[in-house]
Amino acid sequence: MSFRFAAIPDLAETPTVAVVVDVMRAFTVAAWAFARGAEKIVLAETLNAALELTRGNPDWVALKDGAPVPGFDAVNSPGLVRDMDLTGRTVVQKTTAGTVGALAVGDASLVLCASFVVADATARLLRAERCEDVTFVITGEDGNADEDLACAHYAARRIGDVRAEAAEFVSRAGRSRAAADLTDGLRRGYQGTHPDDVALCLEVDAFPFALRASRENSLMVVRPVMSPAPGS
Ligand SMILES: O=C(O)[C@H](CS(=O)(=O)O)OP(=O)(O)O
Ligand SMILES: [Mg+2]
């Protein structure tokens, strides 16, 4: 199995297998939405598209990053989504980086959305699928986001070694600019964040499922996929 780590603009062609990484915070939030009962997540191309979708489906939950705005029911904060009851709901998610990355590789045969909370589950699924070549799409900071690179390298390491330790990768992510910005945002009273967000984004392998995105009719839909048990 070969690995590539690429930014969205570097993707000359759609990879066969793409793992779209967004630790802070889109795919940590997505995992928490499923943990809180969501049925599926629809990835929106734009904020207007998200509002259009929820206008047509009044019980769908519109979620965006940044500060809350009218029309949206939730924000891209794991600490805030953790307290929501999303049982059976469909969430429409639009963020700056993660959802853009997943939509950019929508034609891949296999698209997984990854973050530290589902990293090992993602690795186990890739191992079980016996993927030949895996492209990790690093969505933050034009492919230079330390938290996304650290998560991608951890997941890649776990594919080959079920006992690979996470500490060095988590430590790198904890020193990232995104972690500092989120903490600083809190200091500046920035809405759309929660004091626990950074810690929740660094909670390695909190969930046993991976996040698979695939086209359903005209929509890009994310659903949780239980991964084979460790060592299987
Ligand atoms: O919501 C987030 O933490 C970020 C905002 S930004 O990319 O740092 O401006 O969006 P995400 O798409 O989750 O990386
Ligand atoms: Mg991010």
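Residues numbered from 1 in each chain as written. Chains lettered and ligands numbered in written order. Predicted model: local features only at pLDDT ≥ 70, side-chain atom pairs only at ≥ 80, totals over all residues. Heavy atoms only, no water.

1. So, the site of ligand 1
Quick reminder of the rule: Throughout, near means a residue has at least one heavy atom within 4 Å of the molecule or strand. Between N or O atoms, a polar contact is any pair within 3.5 Å; within protein, one atom must be a potential hydrogen donor and the other a potential acceptor, and residues adjacent in sequence are included only when both atoms are from side chains. Note on areas: Shrake-Rupley, 1.4 Å probe, and residue coverage restricted to the protein chains presented here. Polar here means any residue outside two lists: the nonpolar Ala, Val, Leu, Ile, Met, Phe, Trp, Tyr, Cys and Pro, and the charged Asp, Glu, Lys and Arg; Gly therefore counts as polar.
Close to ligand 1 lie Asp22, Met24, Arg25, Ala26, Asp65, Asn76, Thr95, Thr96, Ala97 and Gly98, which account for all nearby residues. Aspartate 65 is positioned such that a nitrogen or oxygen atom in its side chain is 3.1 Å from an oxygen atom of ligand 1. Within the contact set of ligand 1, an oxygen atom lies 3.1 Å away from a backbone nitrogen or oxygen of glycine 98. For ligand 1, whose free accessible area comes to 350 Å², the fraction covered by protein is 71%. Looking at side-chain class alone, the shell around ligand 1 contains 3 nonpolar, 4 polar and 3 charged residues.

2. Points about helix 1 (residues 26-35)
For clarity, the threshold we go by: Think of it in three bands: with a 1.4 Å probe and only protein chains considered, a residue is buried below 20% of the maximum accessible area for its type, exposed above 50%, and partly exposed in between. Here a helix means four or more residues in a row that DSSP labels H or I, a strand means two or more in a row labelled E, and each is numbered from the N terminus.
The buried fraction of helix 1 is high, at 9 of 10 residues. Listed as buried for helix 1 are Ala26, Phe27, Thr28, Val29, Ala30, Ala31, Trp32, Ala33 and Phe34. Remark: glycine 37 follows helix 1 within two positions and exhibits a positive phi of approximately 100 degrees.

3. Here we look at the coordination of the magnesium ion (ligand 2)
Our working definition: Here the coordinating atoms are restricted to nitrogen, oxygen and sulfur within 2.8 Å of the metal centre, or 3.2 Å for Na, K and Ca, and because water is not among them the sites may look incomplete.
All of the protein donors around the magnesium ion (ligand 2) are Asp22 (OD) and Met24 (O); their distances to the metal are 2.1 to 2.3 Å. On the basis of relative accessibility, which here comes to 4%, the residue aspartate 22 falls in the buried class.

4. Topic: helix 7 (residues 167-174)
In plain terms, the rule: By construction, the arc corresponds to the directions joining the helix axis to the C-beta atoms.
Looking only at helix 7, the buried set comprises Phe169, Val170 and Ala173. Projected onto a plane normal to the axis of helix 7, the buried residues spread over an arc of 95 degrees and lie on a single side. Among the exposed residues of helix 7, those pointing more than 90 degrees away from its buried face are Ala167 and Glu168.

5. Things to note about the pattern of salt bridges
Convention followed: By definition here, a salt bridge exists when the distance from a side-chain nitrogen of Lys or Arg to a carboxyl oxygen of Asp or Glu is within 4 Å.
For the structure shown, the criterion picks out 14 salt bridges. Put simply, glutamate 39 and lysine 40 hold a salt bridge, and the shortest N to O gap is 3.9 Å. Taking the shortest distance from any N to any O, the salt bridge between arginine 177 and glutamate 141 comes out at 3.9 Å. With arginine 177 in helix 8 (residues 177-187) and glutamate 141 in the loop between strand 8 (133-138) and helix 6 (146-160), this residue pair connects regions lying 36 residues apart in the sequence. Owing to a relative accessible area of 54%, arginine 177 belongs among the exposed residues under this scheme. The class for glutamate 141 is partly exposed, based on a relative accessible area of 31%. Several salt bridges share partner residues, and in doing so they unite Glu39, Lys40, Glu216 and Arg223 into one network.

6. A closer look at the sheet that holds strand 8
For the record, the criterion: When DSSP locates at least two bridges between a pair of strands, those strands are taken to pair. Here a residue-residue contact requires only that any non-hydrogen atoms of the pair lie within 4.5 Å. Angular values range over 0 to 180 degrees, each being the angle between N-to-C directions of two axes fitted as lines to C-alpha atoms, with helices fitted over their stretch in contact.
Read across the open sheet, the 10 strands follow the order 1-8-2-7-9-10-3-6-4-5; overall the sheet is mixed. Both outer strands of the open sheet, strand 1 (2-6) and strand 5 (74-75), are each paired with one neighbouring strand and no more. Note that strand 7 (residues 110-114) and strand 9 (residues 209-216) share 2 bridges and pair antiparallel. Bridge pairing in strand 9 links leucine 112 to arginine 212. Across the sheet, helix 1 touches strand 2 (17-21), strand 3 (40-43), strand 4 (61-64), strand 6 (90-94), strand 7, strand 9 and strand 10 (219-226), and the angle it forms with strand 9 is around 95 degrees. On top of the sheet, helix 6 reaches strand 1, strand 2 and strand 8; it is set at about 160 degrees to strand 8, its chief contact.

7. Side note on the state of the cysteines
As a reminder of what qualifies: What counts as a disulfide here is a pair of cysteine sulfur atoms lying within 2.5 Å.
Within the structure shown, the criterion is met by 0 disulfides. There is no disulfide at cysteine 201, and the cysteine sulfur nearest it, in cysteine 151, is 10 Å away. Look at cysteine 201 and you get buried, because its relative accessible area is 0%.

8. Points about the packing of aromatic side chains
Basically, it comes down to this: Each aromatic pair joins two rings of Phe, Tyr and Trp (for Trp, the six-membered one) with centres within 6.5 Å, and gets the label stacked for planes under 30 degrees apart, edge-to-face for over 60, and tilted for any other angle.
Overall, the coordinates contain 7 aromatic pairs when judged by the stated rule. A ring pair is formed by tryptophan 32 and phenylalanine 207, whose centres lie 5.2 Å apart and whose planes are at 85 degrees; its orientation type is edge-to-face. Remark: phenylalanine 207 occurs in the loop between helix 9 (197-201) and strand 9 and tryptophan 32 occurs in helix 1; sequence separation between them is 175 residues. Neither residue differs from the other here; tryptophan 32 and phenylalanine 207 are each classed as buried. When the centroid spacing of 5.4 Å and the interplanar angle of 15 degrees are considered together, the rings of phenylalanine 207 and phenylalanine 209 count as stacked. For phenylalanine 207, a relative accessible area of 12% translates into the label buried.

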